[in-house]
Amino acid sequence: MSIITLQSVKKDFGIKEILKDASFSLDATDKVGLIGTNGSGKSTLLKMIAGLEPIDSGQILINSGSKIIYLPQQPDLDENRTVLEQIFADSGEHMSLVREYEELSDKLAHYPDDNQLMSRLSVVMQRMDTSNAWELETNAKIILTKLGISDFEAKIGTLSGGYRKRIALATALLAEPDVLLMDEPTNHLDALSVEWLQSYLNRYRGALFLITHDRYFLDRVTNRIIEIDRGDIYTYTGNYSYYLEKKALAEESAISTQRKHQGLLRRELEWLKKGPKARSTKQKARIDRAHALRDTEFKQVQGKVDISTVGRRIGKKVIELNNVSKAYNDRTLINNFSYEFSPEDRIGIIGANGAGKSTLMDIITGRIQPDSGIAEIGSTIHIGYFDQHSEELLTALNENQRVIDYIKEEGEFVKITDGTQITASQMLERFLFPGNQQYAPIHKLSGGEKRRLFLLRVLMSAPNVLILDEPTNDLDVQTLAVLEDYLEDFVGCVIVVSHDRYFLDRTIDTIFSFEEGGNLRQYPGNYSVYLDYKKAEEAAQQQAASTKEKPKNAEPQNGASSSKNTENQKRRRLSNWEKKEFDQLEGKIADLEGEKAEVEKKLANVSPGNYSQVQKLYEEVESLKQAIDVATERWLELAEMES
């Protein structure tokens with residue numbers, strides 16, 4: 001059943017036609033990935049469906065009663081709310097019940113014999129049972145924790161843009177709408193959070209329509225790809241791998257068709273030149289066909305970014321870090337780190353948000369000085385720094401400056417790999433900026449197009465050390481694929497800070513991981529190899545722990561007993577709220593398991609031809625599995641605190 005339908009939708013921004021005549025529908029079980037080059041109109045299309053951007057003509061039909069949630073790249077949150085208040089902002093009665101319960105529990109802790117408070121608490125708990133407020137709170141905390149947010153009472157105004165995006169994402173997931181419109185949901189998430197979100201969306205029962213640069217994520221979450229190509233919409237039924245396969249075949253077919261057309265046109269034109277004397281009906285038809293062939297226009301295969309700038313000589317000494325340390329407010333980000341970068345290095349730097357990755361890049365480039373230690377740069381080194389925040393782009397750019405003038409500041413001519421020189425305008429064309437855009441002011445560009453323009457400026461400087469700090473944010477998948485190919489042949493040192501698993505697997509051969517206390521640990525191989533190392537380490541640690549574990553009836557030594565008592569004293573006790581939640585979860589899990597068994601029994605007895613019934617029961621089973629996983633995970637967390 002279609003939830004959203006677009007019929008002949010058109011959108012034009014003057015210098016660019018976003019949609020010419022777009023028609024497609026979104027069904028209840030669709031998980032659609034929207035792709036296209038930067039500036040093609042992906043974010044605009046999501047905004048139009050969300051009702052935030054008007055259409056020029058056509059219509060967008062939305063099923064009556066369908067709940068649609070739109071998650072933009074930069075969500076607008078209330079800075080005065082706490083994290084939980086923001087999460088429950090649209091939950092009305094649920095939020096007021098949660099708050100009242102917490103206040104009453106706190107008062108009862110001080111006045112345990114107050115019968116009036118006890119009576120009021122009983123009423124609130126009963127209302128919470130009826131409205132499932134317990135479950136809402138539990139799910140919210142699990143989702144927030146999985147997204148790396150542990151301080152539920154922090155004010156939104158004190159949090160970074162990355163944390164705000166995570167809170168908005170958690171809010172959208174908790175709302176469980178019929179359709180989730182998501183614009184780059186993996187931005188600002190570390191790899192573990194992306195893995196969790198990928199798993200969550202695979203089980204999600206509603207429809208998804210998302211934009212993402214993360215190709216692993218796109219491949220594993222979507223069952224349909226929609227591509228915007230110069231105003232036209234193309235649909236592929238399958239995931240990202242399927243799209244790549246069919247796209248390649250379509251482009252080969254288009255080229256073949258165009259070649260055949262050109263050959264036929266050439267023969268017809270030669271016939272016309274001979275000047276046929278008779279003007280019979282048959283000959284006249286052939287003349288008309290020749291004219292029609294001549295006037296036929298073919299859409300060229302979509303252009304790809306062409307990165308072919310020449311590098312410069314690199315000496316033996318690149319960058320040396322000797323016992324470098326850096327701390328902020330008693331928090332050590334980098335602890336006594338030493339490394340000598342070589343000209344052939346392909347280094348990937350990973351770690352949690354705020355671990356110190358960008359700080360390390362700033363020390364390497366000389367933007368900031370370490371608290372101790374020395375950072376030395378070789379005399380032949382020219383660093384190209386593609387900053388994740390594009391600070392240089394956002395602050396130094398004159399938004400009214402023309403695109404061509406910004407590039408000409410780096411040089412009127414560019415030397416490319418074959419030794420020839422091309423103009424700045426030709427280089428812009430290679431980066432998919434056509435003539436009409438080159439003379440437009442920069443503020444007319446989309447966020448992704450500005451990032452692509454900034455990347456061109458960096459590469460035009462002919463660096464021999466290239467630092468890419470979160471390069472995948474806002475760059476389209478086509479540009480990323482070309483950048484990956486460019487890095488394979490790049491002569492010089494490459495340092496990449498990224499959470500994008502696909503990009504790291506394609507571009508690096510060594511991992512530096514930020515770990516506790518500002519320590520950087522080195523792992524050979526790409527990101528997938530690093531994950532294998534971590535899994536092997538965890539398995540070895542678990543094996544060692546089980547080997548050391550004593551039988552339950554063994555008497556502990558005095559020292560061990562004292563250590564255990566100290567640990568128990570440090571462990572936080574369950575609040576009244578959590579005790580109530582813990583008591584209810586075991587019964588809830590049993591009920592869910594029983595319900596799942598009943599649905600599975602029904603599913604086994606449905607006739608194979610009854611597809612709609614099979615689909616409905618299958619979705620119920622998947623939903624129950626998700627609910628059981630969530631409840632079990634929370635029960636284990638509380639059980640550990642209780643023990």
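Just above, that's the structure.
Because the structure is predicted, anything quoted here is derived from the model rather than measured. (Residues numbered from 1 in each chain as written. Predicted model: local features only at pLDDT ≥ 70, side-chain atom pairs only at ≥ 80, totals over all residues. Heavy atoms only, no water.)

## Comments concerning the overall build of the protein chain
Moving on, step 1. The helix and strand inventory of the protein chain stands at 22 helices and 20 strands.
Moving on, step 2. If you take every contact in the protein chain between residues at least 6 apart in sequence, the share linking residues at least 24 apart comes to 68%.
Moving on, step 3. Summed over all atoms, the accessible surface of the protein chain reaches about 32800 Å², with 48% contributed by carbon and sulfur. (Helix = DSSP H or I, 4+ residues; strand = E, 2+ residues; numbered from the N terminus. Contact = heavy atoms within 4.5 Å. Areas by Shrake-Rupley, 256 points an atom, 1.4 Å probe, with all protein chains shown as cover.)

## Considerations on the sheet that holds strand 13 (residues 372-377)
Moving on, step 1. Pairing within the open sheet is antiparallel, and its three strands lie in the order 11-10-13. Both outer strands of the open sheet, strand 11 (331-341) and strand 13, are each paired with one neighbouring strand and no more. Between one strand axis and the next, the sheet turns by 20° as a mean value, whatever way the strands run.
Moving on, step 2. Sheet topology note: the strand 10 (residues 319-328)/strand 13 ladder contains five bridges and is antiparallel. Directly across from Glu320, in strand 13, lies its bridge partner Glu376.
Moving on, step 3. Strands in contact with helix 11 (residues 357-365) are strand 10, strand 11 and strand 13; relative to strand 10, the strand with the most contacts, it is inclined by about 130°. (Pairing = 2+ DSSP bridges. Axes fitted to C-alpha atoms, helices over the stretch in contact; angles between N-to-C directions.)

## Things to note about the packing of aromatic side chains
Moving on, step 1. Applying the stated criterion across every chain, the model contains 13 aromatic pairs.
Moving on, step 2. Measuring from centroid to centroid gives 5.1 Å for Tyr216 and Tyr502, while their planes differ by 65°, and the two rings are edge-to-face. Taken together, the positions of Tyr216 in helix 8 (residues 215-221) and Tyr502 in helix 18 (residues 501-507) put the pair 286 residues apart, joining distant regions of the chain.
Moving on, step 3. We classify Tyr502 as partly exposed; its relative accessible area is 22%.
Moving on, step 4. Taken together, a centroid distance of 5.5 Å and an interplanar angle of 40° make the contact between Tyr527 and Tyr530 tilted. Of this pair, Tyr527 and Tyr530 both sit in helix 19 (residues 527-548), three residues apart, roughly one helical turn. Take Tyr527 and Tyr530: they sit in the same class, and that class is buried.
Moving on, step 5. When the ring centre of Tyr216 is taken as origin, the NZ or CZ atom of Arg220, which lies over that ring, is 4.5 Å away.
Moving on, step 6. Lying over the aromatic face of Tyr406, Arg457 brings its terminal NZ or CZ to 4.5 Å of the ring centre. (Phe/Tyr/Trp six-rings, centres within 6.5 Å; stacked < 30°, edge-to-face > 60°. Buried < 20%, exposed > 50% of the residue type's maximum accessible area, 1.4 Å probe, protein only. Lys NZ or Arg CZ within 6 Å of the ring centre and 35° of its normal.)

## Some points on helix 11
Moving on, step 1. The element helix 11 is extensively covered by neighbouring structure, given that seven of its nine residues are classed as buried.
Moving on, step 2. Taken residue by residue, helix 11 has Lys357, Thr359, Leu360, Met361, Asp362, Ile363 and Ile364 as its buried positions.
Moving on, step 3. Trailing helix 11 by a residue or two, Gly366 shows a phi angle of about 85°, which is positive.

## Details of the side chain of Lys11
Moving on, step 1. For Lys11, the location among the structural elements is in strand 1 (residues 2-12).
Moving on, step 2. At a separation of 3.0 Å, a polar atom in the side chain of Lys11 contacts the side chain of Glu53. (Polar contact = N/O pair within 3.5 Å; in protein donor to acceptor, adjacent residues only side chain to side chain.)

## Notes on the side chain of Gln401
Moving on, step 1. Positionally, Gln401 belongs in the loop between helix 12 (391-396) and helix 13 (403-408).
Moving on, step 2. We classify Gln401 as buried; its relative accessible area is 15%.
Moving on, step 3. Within the structure, Gln401 has its side chain in polar contact with the side chain of Glu409 (distance 2.8 Å).
Moving on, step 4. In this structure, Gln401 is in contact with Tyr406, Glu409, Ala440, Pro441 and Ile442, ignoring residues within four places of it in sequence.

## Notes on the pattern of salt bridges
Moving on, step 1. Under the definition given, this model contains 23 salt bridges.
Moving on, step 2. With its nearest N and O atoms 3.1 Å apart, the salt bridge here joins Arg164 to Glu79. Of this pair, Arg164 sits in helix 6 (residues 161-175) while Glu79 is found in the loop between strand 5 (68-71) and helix 2 (83-87), placing the two residues 85 residues apart along the sequence.
Moving on, step 3. In this structure, Asp387 and Arg367 form a salt bridge, with 3.2 Å as the shortest nitrogen-oxygen distance. Here Asp387 is found in the loop between strand 14 (383-386) and helix 12, whereas its partner Arg367 is found in the loop between helix 11 and strand 13, with 20 residues between them in sequence. (Salt bridge = Lys/Arg side-chain N within 4 Å of Asp/Glu carboxyl O.)

## Examining the pairing of strand 20 (residues 519-524)
Moving on, step 1. Two strands pair when backbone bridges link them, and strand 19 (residues 510-515) and strand 20 are joined in this way by six bridges, in the antiparallel orientation. If you follow Phe514 over to strand 20, its bridge partner there is Leu520.
Moving on, step 2. Taking the residues between adjacent antiparallel strands as the criterion, strand 19 and strand 20 are bridged by three residues, where Gly517 takes a positive phi near 75°.

## Quick look at the sheet that holds strand 7 (residues 207-211)
Moving on, step 1. With respect to topology, six strands assemble into an open sheet ordered 5-6-7-3-8-9, the strand pairing being mixed. Because the sheet does not close on itself, it has two edges, and the strands there are strand 5 and strand 9 (232-236). Direction aside, neighbouring strands of the sheet carry axes that sit 15° apart on average.
Moving on, step 2. Judged from the four bridges that link them, strand 3 (residues 31-35) and strand 8 (residues 224-229) form a sheet pairing that is parallel. Bridge assignment links Gly33 to a residue of strand 8, and that residue is Ile225.
Moving on, step 3. Helix 6 contacts strand 5 and strand 6 (179-183) of the sheet and is inclined by roughly 170° relative to strand 5.

## Here we look at the environment of Ile407
Moving on, step 1. Mapped onto the fold, Ile407 is located in helix 13.
Moving on, step 2. For Ile407, a relative accessible area of 0% translates into the label buried.
Moving on, step 3. The spatial distance from the C-alpha of Ile407 to the C-alpha of Leu428 is 8.1 Å, given a sequence separation of 21 residues.
Moving on, step 4. Discounting residues that sit within four places of it in the chain, Ile407 has contacts with Ala424, Leu428, Leu453, Leu456, Arg457 and Met460.

## Some thoughts on the packing of helix 6 against helix 7 (residues 191-203)
Moving on, step 1. Packing of helix 6 against helix 7 brings their axes to within 13 Å, and their N-to-C directions diverge by 15°. With respect to helix 7, the element helix 6 is oriented roughly parallel. Read as a crossing pair, helix 6 and helix 7 show a hand that is left-handed. On helix 7, the residues that touch Arg166, Leu169 and Leu173 of helix 6 are Ser193, Trp196, Leu197, Tyr200 and Leu201. (Parallel < 35°, antiparallel > 145°, perpendicular 65-115°, else oblique. Left-handed = near helix turned anticlockwise from the far one by under 90°.)

## Some details on the environment of Ala481
Moving on, step 1. By the secondary structure assignment, Ala481 is in helix 17 (residues 477-489).
Moving on, step 2. Among the residues examined, Ala481 registers a relative accessible area of 28% and is labelled partly exposed.
Moving on, step 3. Considered as a pair, Ala481 and Phe503 are 22 residues apart in the sequence and their alpha carbons are 8.5 Å apart.

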